[in-house]
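Listed below, chain by chain, are the residues.
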Amino acid sequence: MKEVFEIIKEMPPAFWLVMIFCIGAFVGSFLNVVVYRLPRNCLSINNPKRSFCPSCKTQLKWNDNLPIIGWLLLRGKCRYCGVKYGLRYPMVELLTAGLFTFAAWRVVYADGNLADQPMVWLTLLHAILIISVMLPWALIDFDLRMIPDKLTLGPLLVFIPFAADWRALDFGLASLRSTPDTAVAAEPGVHRITHLMFSFEPVWLNSMLSALAAGAIGYGALWLIGKGANILFAKRVEEMGGEAMGGGDIKLMLLMGVMLGWPKLLAAFFVAIFIGAVIGVYQIIARKGPGTPFGPYLAIGAILAALGSSWLVDLYNAYMGFLQGMA
Ligand SMILES: [Zn+2]
């Protein structure tokens, strides 16, 4: 096993990044299937096994199915009935591939060059899983304003055990603490790991329970905000038909807490509010009705917090420095 790791380490970064890009394109192609089939109860993910044209239902050839390339070869049209396939299919594939590559670069090469640590692959897998869950979540919520429970409970079953890997949840938080990262890697004492909420050992159990606690707090906080908004803006909420905060958004906070741990959950939430505010102002200026649900913003926040938390920490530190300068 150690030799395999040595061989892998010798490979040039570009080789790995191109490989990850290709894997990402295929996963993106699968995510398109998930987004189309999961909310449609008559279809399951693996039945029918082969992809079919949503218009004429003809089974597609394997080469039509290749991510990005298939769409380009067919120029976005069905070979059999000529119906146009939206640009969204190749865009989702390209986005997934791009995010996977970015995650690999961030996790393995950018942040203090973790390539030397064997456990870095687990952190990368964690980041890739977050992308693979958050993208279909955002797209289904955007399309249908609802989220199938399968997309909350299924990922929870994966991410709860994964939260035992404190390195993945602590990734990118180095500049929040005073002890250098090398010390944390060498000796993972509970006081050295930022996302832990408790002070008991073993670290893996502490990490898992901390992530669950973060999820529960996020869930409770958003539930309270929703109830408060229902009371404060009762009239407006009734006009919009129902609840200020959808049940899907609240469940997403639980999942995000378990995926990210508390400092990143908070960062993701603020990113979501910021994007929501910017788009909300644009919609008012452009005189468009409130068109977008909150779920996609939360999903973008989660991906950004998972991959860019060190930048968010830098931003936060700069802001605190600015405030101190003012005082
Ligand atoms: Zn067709």
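Above this text sits the structure in question.
A.B. asks: An account of the overall build of the protein is requested, with residue identities and associated values reported.
C.D. replies: When its secondary structure is counted, the protein shows 13 helices and zero strands. Element order for the protein, N to C, with α for helix and β for strand: α-α-α-α-α-α-α-α-α-α-α-α-α. Look at the contacts in the protein between residues 6 or more apart in sequence, and 68% of them connect residues 24 or more apart.

A.B. asks: Give me the lowdown on the packing of helix 5 (residues 120–144) against helix 13 (residues 295–326), citing residues and values where you can.
C.D. replies: It is the contact of helix 5 with helix 13, at a shortest axis distance of 8 Å, that shows an interaxial angle of 165°. Regarding the angle of helix 5 to helix 13, the classification is roughly antiparallel. Crossing hand, helix 5 versus helix 13: left-handed. Across the interface between the two elements, A127, I130, I131, M134, W137, A138, D141 and F142 of helix 5 pack against G295, P296, A299, I300, A302, I303, A306 and L307 of helix 13. Considering only residue class, the contact of helix 5 with helix 13 consists of 14 nonpolar, one polar and one charged.

A.B. asks: How would you sum up the packing of helix 9 (residues 203–232) against helix 11 (residues 247–260)? Please name residues and give values.
C.D. replies: Where helix 9 contacts helix 11, the axes come no closer than 6 Å and their chain directions differ by 160°. The orientation of helix 9 with respect to helix 11, classified from their angle, is roughly antiparallel. Every pair of crossing elements has a handedness; the one defined by helix 9 and helix 11 is right-handed. Residues A211, L212, A214, G215, A216, I217, G218, Y219, L222, W223 and G226 of helix 9 touch helix 11, and the partners they reach there are D249, I250, M253, L254, L255, M256, G257 and V258.

Reading the values: the criteria
- Residues numbered from 1 in each chain as written.
- Predicted model: local features only at pLDDT ≥ 70, side-chain atom pairs only at ≥ 80, totals over all residues.
- Helix = DSSP H or I, 4+ residues; strand = E, 2+ residues; numbered from the N terminus.
- Contact = placed C-beta atoms within 7 Å.
- Axes fitted to C-alpha atoms, helices over the stretch in contact; angles between N-to-C directions.
- Parallel < 35°, antiparallel > 145°, perpendicular 65-115°, else oblique.
- Left-handed = near helix turned anticlockwise from the far one by under 90°.
- Nonpolar A, V, L, I, M, F, W, Y, C, P; charged D, E, K, R; others polar.

None of this, on its own, says anything about what the molecule does.
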